[in-house]
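Residue-level structural notes
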Amino acid sequence: MKRILTGDRPTGKLHLGHFVGSLRSRVELQNDYDEFILVADVQALTTHFENPELIHDSIYQVAMDNLSVGLDPEKVTLVQQSMVSSIAELTIFYSMLVSVNQLSHNPTIKTEARNYGYKEMTYGFLGYPVSQTADITFCNADLVPFGEDQIPHIEMARKIVRKFNDLYGTDITEPEYKLSRVSRLCGLDGNAKMGKSLGNAIYLSDSAESVAAKVRNAVTDTNRISVKIPGNPDVCTVYQYHKAFNETEVDNICSMCRNAQIGCVACKKALAAKLNEILDPIRERRAHYEANLSEVKELLAEGTRKANRIGNENLAKIKEKMHVAL
């Protein structure tokens, strides 16, 4: 089976943006690929280095969220990034092949720096794409599923691998990528980004009551002040969620909105009901793992041991080709 590498930064519980962006795809692909799920705690430090407690507390939350959406622990491999030494070594080797100018002009890096308000970037933040290349290649992953905003990272990874293989005669796999069906889900407040720090997200672990309350407060067409006034779904946050989660009914809801046949309250109730229908089995599985945290810890530990075995074997071959092996 070909191998997939994907993962999440543990900076809190995962939300619906993660679900449509990657988690749903992971479940669909787990039967056809050898799937590695990286809990990227080192990369989380690039933006949360002053709050390592949050990262530590989030490692098992992120692992549980992945298992709760339906990933089979018999089929996928959960890996804690900081505990895989070959990733750290490959990051150093790859960094020799990438200029600071290349990294500083990466559009994703520039966007993220702007979002976080960074006037100066740390070495770790700037080198994020190099570290990500090591994540992907320590286990020779064939495929990396992600959102459209990450394309510059994967293109840089492919260039690094090609250059490295040409220079040292190694046979590191040049990764392909698969775009998610929904690249980004906007926040409930209409913000283009759904974020943990923005308070505009629905979490996979939210109760049914919390989901309904959050949807009730979601931003809709601000010009529609009465049910009798036709709405404009194109500027409505709730409509975007219907498109992502309610494919069978979204066209009908859109038509009724444009023709003033449904009000925002009813539209939101329909969305909340659909979201809770999707989240109910996820909450049920999560309750099991919350009651059996030792099971989650062992799955992560065993997956990390497997990752180290594979990574160390690949790294030994790479070092031999580089003539840096003892």
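Sequence positions are assigned chain by chain, starting from 1 and proceeding in written order. With the structure being a predicted model, the display of local features is reserved for residues of pLDDT at least 70 and the display and counting of side-chain atom pairs for 80 or more, all residues being used for whole-chain, interface and lining totals. Where side-chain values are given, they derive from all heavy atoms of the structure, hydrogens and water being excluded.

**Overview of the overall build of the chain**
Test applied: The helix count covers DSSP runs of H or I at least four residues long, the strand count covers runs of E at least two residues long, and both are numbered beginning at the N terminus. Computation of the radius of gyration draws on C-alpha atoms, with the globule rule given as 2.2 Å multiplied by the number of residues to the power 0.38. Each residue gets one of three labels from its accessible area relative to the maximum for its type: buried under 20%, exposed over 50%, partly exposed in between, using a 1.4 Å probe on protein chains only. Only heavy atoms matter for contacts: two residues are in contact if any of them lie within 4.5 Å across the pair. Note on areas: Shrake-Rupley with a 1.4 Å probe; residue coverage comes only from the protein chains shown.
Each helix and strand counted, the chain has 14 helices and five strands in total. Here the C-alpha atoms of the chain give a radius of gyration of 21 Å, agreeing with the 20 Å that 2.2 N^0.38 yields for 326 residues. C-alpha atoms of the chain, sized along the principal axes, occupy 75 × 45 × 35 Å. Taken over 326 residues, the chain has a buried fraction of 50%. Pairs at least 24 residues apart make up 77% of the contacts formed inside the chain by residues separated by at least 6 positions. When the accessible surface of the chain is summed, it comes to about 15,800 Å², and 52% of that surface belongs to carbon and sulfur atoms.

**Details of the nonpolar core**
To be explicit about the condition: Throughout, nonpolar core names a set of buried Ala, Val, Leu, Ile, Met, Phe, Trp, Tyr and Cys residues whose side chains join them through atoms within 4.5 Å.
Membership of the largest hydrophobic core comes to 47 residues, with the highest contact counts inside it found for Leu16, Leu204, Tyr241 and Phe245. Among the elements that take part in this core, helix 13 (residues 264-291) stands out by supplying seven residues, more than any other. In this structure, Val79, Tyr94, Phe138 and Ile172 belong to the second largest nonpolar core, which totals 38 residues.

**Looking at the packing of aromatic side chains**
We apply this condition: Each pair of aromatic rings taken from Phe, Tyr and Trp, with Trp reduced to its six-membered ring, is defined by centres within 6.5 Å and is described as stacked if the planes are under 30 degrees apart, edge-to-face if over 60, and tilted in the remaining cases.
On inspection of all chains with the given rule, the structure shows seven aromatic pairs. Note on Phe164 and Tyr168: the rings are 4.8 Å apart at their centroids and 55° apart in plane angle, and the pair reads as tilted. Of this pair, Phe164 and Tyr168 are both found in helix 9 (residues 151-168), four residues apart, which corresponds to roughly one turn of the helix. A relative accessible area of 0% means that Phe164 is categorised as buried. What links up through ring pairs into an aromatic cluster is the set Phe19, Tyr241 and Phe245.

**Some details on the side chain of Ser58**
Residue placement: Ser58 occurs in helix 3 (residues 52-68). Here Ser58 falls in the buried class, since its relative accessible area comes to 4%.

**Digging into helix 8 (residues 128-137)**
The buried count for helix 8 comes to 10 of 10 residues, which makes it a mostly enclosed element. Among the residues making up helix 8, those that are buried are Tyr128, Pro129, Val130, Ser131, Gln132, Thr133, Ala134, Asp135, Ile136 and Thr137.

**Examining unusual backbone geometry**
Notably, Asn140 is not glycine yet its phi reads approximately 55°, a positive angle. Assignment of secondary structure puts Asn140 in the loop between helix 8 and strand 4 (143-146). On the basis of relative accessible area, Asn140 is assigned to the partly exposed category, the value being 22%.

**Examining the packing of helix 13 against helix 14 (residues 293-322)**
We apply this condition: Note on geometry: axes are C-alpha line fits, over the in-contact stretch for helices, and angles between N-to-C directions span 0 to 180 degrees. Here roughly perpendicular refers to angles of 65 to 115 degrees, roughly parallel to angles under 35, roughly antiparallel to angles over 145, and oblique to all remaining angles. Residue type decides the class: Asp, Glu, Lys and Arg count as charged, Ala, Val, Leu, Ile, Met, Phe, Trp, Tyr, Cys and Pro as nonpolar, and the leftover types, Gly among them, as polar.
Here helix 13 crosses helix 14 at 90°, and the two axes come no closer than 4 Å. Considering their axes alone, helix 13 and helix 14 lie roughly perpendicular with respect to each other. Across from His288, Tyr289, Glu290 and Ala291 in helix 13, the residues of helix 14 making contact are Leu293, Glu295 and Val296. Within the contact of helix 13 with helix 14, the residues separate by chemical class into four nonpolar, one polar and two charged.

**Some remarks on the environment of Leu126**
Tracing the backbone shows Leu126 in helix 7 (residues 123-126). On the basis of relative accessible area, Leu126 is assigned to the buried category, the value being 14%. Note: C-alpha distance between Leu126 and Leu103 (23 residues apart in sequence) is 6.2 Å. Sequence-distant contacts of Leu126, defined by excluding residues within four places in its chain, comprise Val100, Leu103, Ser104, Ile109 and Met121.

**As for helix 11 (residues 237-245)**
Among the nine residues in helix 11, seven count as buried, and that is most of the element. Looking at the buried positions of helix 11, the neighbouring elements they touch are helix 1 (16-29), helix 12 (250-258) and helix 13.

**Notes on the pairing of strand 1 (residues 3-8)**
Spelled out, the test is: DSSP bridges decide pairing: two strands pair if at least two such bridges lie between them. With the strands pointing away from the viewer, any crossover whose connection runs clockwise from the first strand over the helix to the second is right-handed.
For strand 1, the buried fraction is high: five of the six residues fall into the buried class. Examined bridge by bridge, strand 1 and strand 2 (residues 34-39) share six bridges and lie parallel to one another. Its bridge partner lying in strand 2, Asp8 is registered against Val39. Note that the unit made of strand 1, helix 1 and strand 2 has a crossover that is right-handed.

**With respect to the pattern of salt bridges**
The condition is simple: Any Lys or Arg side-chain nitrogen found within 4 Å of a carboxyl oxygen on Asp or Glu counts as a salt bridge.
In this structure the tally under the stated criterion is 18 salt bridges. When the shortest N-O distance is used, the salt bridge between Asp234 and Arg258 registers 3.3 Å. Of this pair, Asp234 sits in the loop between helix 10 (208-216) and helix 11 while Arg258 sits in helix 12, placing them 24 residues apart in sequence. The exposure class of Asp234 is exposed, given its relative accessible area of 52%. When its relative accessible area of 36% is taken as the criterion, Arg258 is described as partly exposed. Salt bridges sharing partners connect three or more residues here, namely Glu155, Arg158, Arg162, Glu174 and Glu176.

**As for the packing of helix 11 against helix 13**
Quick note on the threshold: Crossing chirality is assigned from the near helix's rotation relative to the far helix, an anticlockwise turn below a right angle marking it left-handed and a clockwise turn marking it right-handed.
Two numbers describe how helix 11 lies on helix 13: the axes approach to 10 Å, and their chain directions differ by 35°. In this structure, helix 11 crosses over helix 13, and the sense of that crossing is left-handed. On the side of helix 11, the interface is formed by Val238, Tyr241, His242 and Phe245, while helix 13 contributes Cys267, Lys268, Ala270, Leu271, Lys274, Leu275 and Ile278. Residue composition of the contact of helix 11 with helix 13, grouped by class: eight nonpolar, one polar and two charged.

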